[in-house]
Amino acid sequence: MAKYMKVRLVINKMYILSQVLVVISDILCIISMLTKNKKSVVFYLIFSTILFGSHFLCLAEYTGAVLALVELIFLILMYILEIKDKLQYTTILSLVTIVVSIILSILTWDTWVSVLSMMAMIIYLVTMMFKNLVVVKSGVFVRITLNAIYMFLIRSYLGAGLSIVILIFTILGVVQDIKANRSEEKNNV
């Protein structure tokens, strides 16, 4: 009985830690959605992804954790490409990352729920090929929607709930970018 209580206490501590990590991760994700250029979006997403992946590790959701690691490597490389203005390589980087994500998803497959994490990653990576912030943030929107469902199914309820808040801020960020694009078009005419 004492051994069972000790295991349960450790699980509860890991669950609480996972929820704290996902809250901080989500705050950084919200900040990224309100930034005005792709480099800033990627910068904040790097730190958000570190915490998001750690959240999955605490929940022993290895597909999500592995895909977060792949995403972290992808975002760091994407950030370097943005800084060095080597954007012609983003498509190749995205395609290679998609293949790696699919392979690792298969290797870490747990249940059908793992498909949600993989699909979210693939859609997100496809949209990251584009320079247009509306397209990039729309991909993040789809990813967050699928991840919200995934987190609900793995019982990360706080993370799932906060994903809805992120969705609202993502929509605000997309609207902000559409307005900025229209304003630029009017100024260019």
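Residues numbered from 1 in each chain as written. Predicted model: local features only at pLDDT ≥ 70, side-chain atom pairs only at ≥ 80, totals over all residues. Heavy atoms only, no water.

> What exactly am I supposed to notice about the layout of surface pockets here?
To locate leftover empty space, one rolls a probe as large as a water molecule over the atoms. Considered as a void within the structure, the largest pocket measures approximately 250 Å³ in volume. Going through the elements one at a time, α2 (38-58) and α7 (157-188) are the ones with two or more residues in the lining of the largest pocket. Here the element with the most residues in the lining of the largest pocket is α7; it accounts for five residues. In the lining of the largest pocket, the residues fall into two nonpolar, four polar and seven charged. (1 Å grid on protein atoms, 1.4 Å probe; cavity = no way out; pocket = protein on both sides within 12 Å on 5 of 7 lines; lining within 4 Å. Points joined across faces, edges and corners; volume = space filled by probe spheres on them. Helix = DSSP H or I, 4+ residues; strand = E, 2+ residues; numbered from the N terminus. Nonpolar A, V, L, I, M, F, W, Y, C, P; charged D, E, K, R; others polar.)

> Explain the packing of helix α6 (residues 133-153) against α7 to me, please; I cannot follow it from the model alone.
The packing of two helices is summarised by the inter-axis angle and the distance between the axes. Between α6 and α7, the least distance of the axes is 9 Å, while the angle of their chain directions is 170 degrees. Judged by the inter-axis angle, α6 sits roughly antiparallel to α7. Its residues placed into classes, the contact of α6 with α7 shows 14 nonpolar, seven polar and two charged. (Axes fitted to C-alpha atoms, helices over the stretch in contact; angles between N-to-C directions. Parallel < 35°, antiparallel > 145°, perpendicular 65-115°, else oblique.)

> Looking at this structure, how should I read the nonpolar core?
Generally speaking, nonpolar side chains in soluble globular proteins are found buried as a group. Of all hydrophobic cores here, the largest spans 28 residues; its most connected members are Phe-74, Leu-75, Tyr-124 and Met-128. Mapped by element, the contributors of at least two residues to this core are α1 (2-33), α2, α3 (62-83), α4 (90-107), α5 (114-127), α6 and α7. If we skip the residues at most four places from it in the chain, Met-128 touches Lys-38, Val-42, Phe-74, Leu-75, Met-78, Ser-94 and Val-136. Counting residues in hydrophobic clusters, the runner-up holds 13 residues, among them Val-22, Ala-65, Leu-116 and Tyr-150. (Core = buried A, V, L, I, M, F, W, Y, C linked by side-chain atoms within 4.5 Å. Buried < 20%, exposed > 50% of the residue type's maximum accessible area, 1.4 Å probe, protein only. Contact = heavy atoms within 4.5 Å.)

> What should I look at first to understand the packing of α5 against α6 in this one?
Put simply, α5 and α6 touch, their axes get as near as 8 Å, and they point 175 degrees apart. In this view, α5 runs roughly antiparallel relative to α6, as classed from their interaxial angle. In contact with Ser-114, Leu-116, Ser-117, Met-119, Ala-120, Ile-123, Tyr-124 and Thr-127 of α5, α6 contributes Val-135, Val-136, Gly-139, Val-140, Val-142, Arg-143, Leu-146, Asn-147, Ile-149, Tyr-150 and Leu-153. Split into classes, the residues belonging to the contact of α5 with α6 amount to 13 nonpolar, five polar and one charged.

> Just to check I follow, could you spell out unusual backbone geometry for this structure?
Keep in mind that most residues, glycine aside, have a negative phi and that most peptide bonds are trans. Of note, the phi angle at Ala-60 is positive, near 60 degrees, even though the residue is not glycine. For Asp-85, which is not glycine, the phi dihedral falls at a positive 55 degrees. Relative to the helices and strands, Asp-85 is located in the loop between α3 and α4. With relative accessibility at 58%, the residue Asp-85 sits in the exposed group.

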